[in-house]
Amino acid sequence: MTDEQNAVEDVELPGGVKIPQVGFGVFQIPRKDTQKAVEEALEIGYRHFDTAAAYYNEEGVGAALKATGMAGKVFVTTKLRNCDQGYEPTKVAFEESRRKLGLERVDMYLIHWPFALIDRYVETWKAILELREQGVLRAAGVSNFLPEHIERLIDETGEAPAIDQIEVHPRFSQPDVREYCHEHGIVVEAYSPLGHGADMNAPEVVSAAKAHGVTPARVVLRWHIQSGRVIIPKSSHPDRMRQNLDLFGFELTDAEIAAIDALHDPSGRVSGDPATNVNSQSWADQFSRGNVS
Ligand SMILES: NC(=O)c1ccc[n+]([C@@H]2O[C@H](COP(=O)([O-])OP(=O)(O)OC[C@H]3O[C@@H](n4cnc5c(N)ncnc54)[C@H](OP(=O)(O)O)[C@@H]3O)[C@@H](O)[C@H]2O)c1
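None of these values were measured; they are calculated from a predicted model.

K.L.:
Report on the site of the ligand, specifying residues and quantitative values.
P.N.:
The environment of the ligand is formed by 29 residues, the closest being Asp-50, Ser-143, Leu-194, Ser-235 and Arg-240. Contacts to the ligand include Asp-50, whose side-chain N or O atom sits 2.6 Å from an oxygen atom. In this structure, an oxygen atom belonging to the ligand sits 3.0 Å away from a side-chain N or O atom of Asn-144. For the shell around the ligand, the per-class residue count stands at 11 nonpolar, 14 polar and four charged.

Spelled out as structure tokens, the structure:
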């Protein structure tokens, strides 16, 4: 797919930075495979990439951008690990991520989890806003933040994040957090937009797929697009990577959208719970990786 054929539109973030509505997520792509996967995604037409220090594959993203001459020409997000929260550690960790990505400026930097247990996310946010003022990052945001966490950022710094990257898929769509973001002008970015692949077997999704002659994955991703969310599906297979970008030749009806909205189940989470600090970067996980002592 060429740039001309890639029909993905930009979403404007508060502050004016534009982010392509569909990106490619690289969580769980092994370090050794990341450069190839990102090069394939670039070839297919992706122009937005989502990585994180905690994925241990920022170098692979950077290597692909360098090899293809696309550094600085596509949108790149990375995220701060829980164990690097705090004012000074944030600045050090950001520089490390920027170096691994080989970028002069990072398009978007997110606090990966509020990790309220250590209560450092406000000072972390202040450091990120300063980095943005210095011009080394363009947009500042958060991930897995609940309204109570965002309220504190606003109260203590006067600035809301441009984006909240949260788990959203048919069986866990977080209407309450999305409503809060909508009211505060914060763009919602859906991670695990396919529910790790599990939400595609819902009868409502399957029947819409049959009606439009597309795969269930494309129905789920189109549901996000029509709901205005930014999405970052991950696949290791080029045919699926292509499908996940090919979302602009059909339109779901209002009834189909409503039927998928109605699948929300508060127990349908596939990732960690920010309210209880249970997530993929738990202290136990960090200890086992040797990241904290
Ligand atoms: N901020 C956070 O805390 C956080 C947490 C989780 C994820 N994320 C971000 O969100 C991105 C995506 O989330 P995710 O990887 O958890 O879940 P996902 O994108 O919802 O699902 C990925 C799974 O679906 C399969 N899949 C992808 N496209 C498919 C298709 N067209 N048909 C059938 N199966 C398909 C993939 O298998 P194959 O690879 O085998 O195709 C993979 O097993 C991550 O890469 C990461 O960037 C962020």
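Read on for the rest.
K.L.:
I'd love a proper account of the sheet that holds strand 3 (residues 24–25), names of residues and values included.
P.N.:
With respect to topology, eight strands assemble into an open sheet ordered 3-4-5-6-7-8-9-10, the strand pairing being parallel. The open sheet has two free edges, formed respectively by strand 3 and strand 10 (230–231), since each of these has just one partner strand. In this structure, strand 5 (residues 75–80) lies alongside strand 6 (residues 106–111), joined through four bridges in parallel fashion. Within the sheet, the bridge partner assigned to Lys-79 lies in strand 6 and is Leu-110.

K.L.:
Describe the packing of helix 4 (residues 121–134) against helix 5 (residues 147–157), and please don't skip the residues or the numbers.
P.N.:
Here helix 4 crosses helix 5 at 60°, and the two axes come no closer than 10 Å. When the axis of helix 4 is compared with that of helix 5, the two are oblique. At the point where helix 4 passes helix 5, the crossing takes the right-handed sense. Listed contacts from helix 5 to Tyr-121, Val-122, Trp-125, Lys-126 and Leu-129 of helix 4 are Glu-148, His-149, Arg-152, Leu-153, Glu-156 and Thr-157. In the contact of helix 4 with helix 5, the residues fall into five nonpolar, two polar and four charged.

K.L.:
Which residues make up the environment of Pro-161, and what are the values?
P.N.:
If you trace the backbone, Pro-161 turns up in the loop between helix 5 and strand 8 (163–167). Sequence separation between Pro-161 and Ala-67 is 94 residues, and the spatial gap between their C-alpha atoms is 32 Å. Excluding its chain neighbours within four sequence positions, the residues that come into contact with Pro-161 are Trp-125, Ala-140, Gly-141, Val-142, Ile-150, Leu-153 and Ile-186.

K.L.:
Describe helix 10 (residues 254–261), listing the residues and the values that go with them.
P.N.:
All of the buried residues in helix 10 are Glu-256, Ile-257 and Ile-260. On an axial view of helix 10, the arc spanned by its buried residues comes to 100°, and they lie on one face. Along helix 10, the residues that are exposed and aim more than 90 degrees away from the buried face are Asp-254 and Ala-255. Residues of helix 10 that are buried sit in contact with helix 7 (203–212) and helix 8 (216–226).

K.L.:
An account of helix 1 (residues 31–44) is needed here, citing residue identities and associated values.
P.N.:
An ideal rise of 1.5 Å per residue puts 20 Å on 14 residues; helix 1 measures up with 20 Å between its terminal C-alpha atoms. Taken together, the buried positions of helix 1 are Thr-34, Ala-37, Val-38, Ala-41, Leu-42 and Ile-44. For helix 1, the angular spread of buried residues about the axis comes to 155°, placing them on one side. Away from its buried face by more than 90 degrees, helix 1 exposes Lys-32, Lys-36 and Glu-43. The inward-facing, buried residues of helix 1 contact strand 3, strand 4 (48–50), helix 2 (58–68) and helix 9 (238–243). Positioned one or two residues after helix 1, Gly-45 has a phi angle of 130°, which is positive.

The rules behind each value
Residues numbered from 1 in each chain as written. Predicted model: local features only at pLDDT ≥ 70, side-chain atom pairs only at ≥ 80, totals over all residues. Heavy atoms only, no water. Near = heavy atom within 4 Å. Polar contact = N/O pair within 3.5 Å; in protein donor to acceptor, adjacent residues only side chain to side chain. Nonpolar A, V, L, I, M, F, W, Y, C, P; charged D, E, K, R; others polar. Pairing = 2+ DSSP bridges. Helix = DSSP H or I, 4+ residues; strand = E, 2+ residues; numbered from the N terminus. Axes fitted to C-alpha atoms, helices over the stretch in contact; angles between N-to-C directions. Parallel < 35°, antiparallel > 145°, perpendicular 65-115°, else oblique. Left-handed = near helix turned anticlockwise from the far one by under 90°. Contact = heavy atoms within 4.5 Å. Buried < 20%, exposed > 50% of the residue type's maximum accessible area, 1.4 Å probe, protein only. Arc of directions from axis to C-beta. Expected span 1.5 Å × (residues − 1).

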